[in-house]
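Listed below, chain by chain, are the residues.
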Amino acid sequence: YEFNAAIVREPARSVVNGLRADDRGNPTFDGVKAEHTAYIAAVRAAGVEVTVLPALESFPDSIFVEDPALVFPEGAILLRPGAETRVRETAEIAPTLKAMFGTVLDLPSPGFADGGDVLTAPKSVMIGLSARTDRAGAEGLITSLDRLGRKGEIVQTPEGVLHFKSDCSLLDSETMLSTKRLARSGVFKDFREVLIPEGEEPAANALRVNDVVMVGADYPRTIEMLDRLGYKVVALKTTEIGKIDAGLSCMSLRW
Ligand code: CIR
């Protein structure tokens, strides 16, 4: 969770048509834009140098740069998103990553993997199988991680949850913020677990950046809990991006 640099992408007007599992109405472009602007400011305020890429009108979900790639200080991996409308986002971000990283690997074929399913923890990189990340993709990713000197571990995303990280985030090197439904599977037995209060599940996609934890402003009980545990919480509005199943980690690639 210690980062010097990040990449984000401006939302396109088409973001209002972003993918979603349940339709709770379209987000507004201005609302998404405002949430994104505040997010960039918060990441910068946490001490990170942020590169802002231009909007891609043909890719409604391209604001969620976390999904088509994976980055580490030692190199980047170009992924293959599991949603048909998002696969070509990889080719769009590839030139930027090739300019910024000495090593850029391609996810081996076959299979699919979304960055939202990948959680970088201190001892391993956890890869959640989901509707977007299949076993072939996860196994291919383990090979790529190996080439970067990282150990990958395949785990399961709860049924009906978009991404593994929709339900968890690293709070510090020993502590995981998780929904109860995910923690129940035992995946975080090597961590201290902090469980999301019932009804605030989307708050699990929080984002630790250097000394702050960014949390969705719509989740007061989670904010209060983290505050009480001594974390420096920055509350950010995620109401509009939440309508297209996104949270705080989705909007950046960090290293
Ligand atoms: C999608 O369904 O792909 C987007 N509407 C939301 C992606 C969220 N990304 C993430 O959790 N990493």
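A brief look at the structure comes next. (Residues numbered from 1 in each chain as written. Predicted model: local features only at pLDDT ≥ 70, side-chain atom pairs only at ≥ 80, totals over all residues. Heavy atoms only, no water.)

**Structural notes on the packing of aromatic side chains**
Phase 1: One pass over the full model with this rule turns up 3 aromatic pairs.
Phase 2: Centroid distance Phe101 to Trp255: 4.7 Å. Interplanar angle 50 degrees. Geometry classified as tilted. Taken together, the residues Phe101 in the loop between helix H2 (89-100) and strand S5 (104-106) and Trp255 in the segment after strand S15 (253-254) connect sequence positions 154 residues apart.
Phase 3: Exposure remark for Trp255: the relative accessible area of 16% places this residue in the buried category.
Phase 4: On the numbers, 6.1 Å between centres and 50 degrees between planes, the contact of Phe164 with Phe188 is tilted. (Phe/Tyr/Trp six-rings, centres within 6.5 Å; stacked < 30°, edge-to-face > 60°. Helix = DSSP H or I, 4+ residues; strand = E, 2+ residues; numbered from the N terminus. Buried < 20%, exposed > 50% of the residue type's maximum accessible area, 1.4 Å probe, protein only.)

**Examining the site of the ligand**
Phase 1: As a matter of local geometry, the ligand sits amid 13 residues, with Leu19, Asp61, Glu66, Arg86 and Ile244 nearest to it.
Phase 2: Leu19 has a polar backbone atom sitting 2.8 Å from a nitrogen atom of the ligand.
Phase 3: Take Arg86: an N or O atom from its side chain is 2.8 Å from an oxygen atom of the ligand.
Phase 4: When the ligand is considered free in solution it has 350 Å² of accessible area, and contact with the protein chains removes 99% of it.
Phase 5: Each residue belonging to the shell around the ligand can be placed in one class, and the counts come to 5 nonpolar, 2 polar and 6 charged. (Near = heavy atom within 4 Å. Polar contact = N/O pair within 3.5 Å; in protein donor to acceptor, adjacent residues only side chain to side chain. Areas by Shrake-Rupley, 256 points an atom, 1.4 Å probe, with all protein chains shown as cover. Nonpolar A, V, L, I, M, F, W, Y, C, P; charged D, E, K, R; others polar.)

**Some words on the pattern of salt bridges**
Phase 1: Taken as a whole and judged by the stated rule, the model has 17 salt bridges.
Phase 2: Residues Lys33 and Glu10 are paired through a salt bridge, measuring 2.6 Å at the closest nitrogen-oxygen approach. Of the two residues, Lys33 sits in helix H1 (residues 29-45) while Glu10 sits in the loop between strand S1 (5-9) and H1, which places them 23 residues apart along the sequence.
Phase 3: According to the relative accessible area criterion, Glu10 is partly exposed, its value standing at 23%.
Phase 4: Across the pair Lys232 and Asp211 runs a salt bridge, and its minimum N-O distance is 3.3 Å. (Salt bridge = Lys/Arg side-chain N within 4 Å of Asp/Glu carboxyl O.)

**Considerations on the sheet that holds strand S6 (residues 118-120)**
Phase 1: Sheet architecture is open: 3 strands sit in the order S6-S7-S8, paired in mixed fashion. With partners counted over all chains shown, the strands left at the sheet margins are S6 and strand S8 (152-156), one partner each. Along the sheet, successive strands turn relative to each other by an average axial angle of 25 degrees, direction set aside.
Phase 2: Strand direction decides the pairing type here: S6 and strand S7 (residues 125-129), joined by 3 bridges, are antiparallel. Bridge pairing links Leu119 to Met126 in S7. (Pairing = 2+ DSSP bridges. Axes fitted to C-alpha atoms, helices over the stretch in contact; angles between N-to-C directions.)

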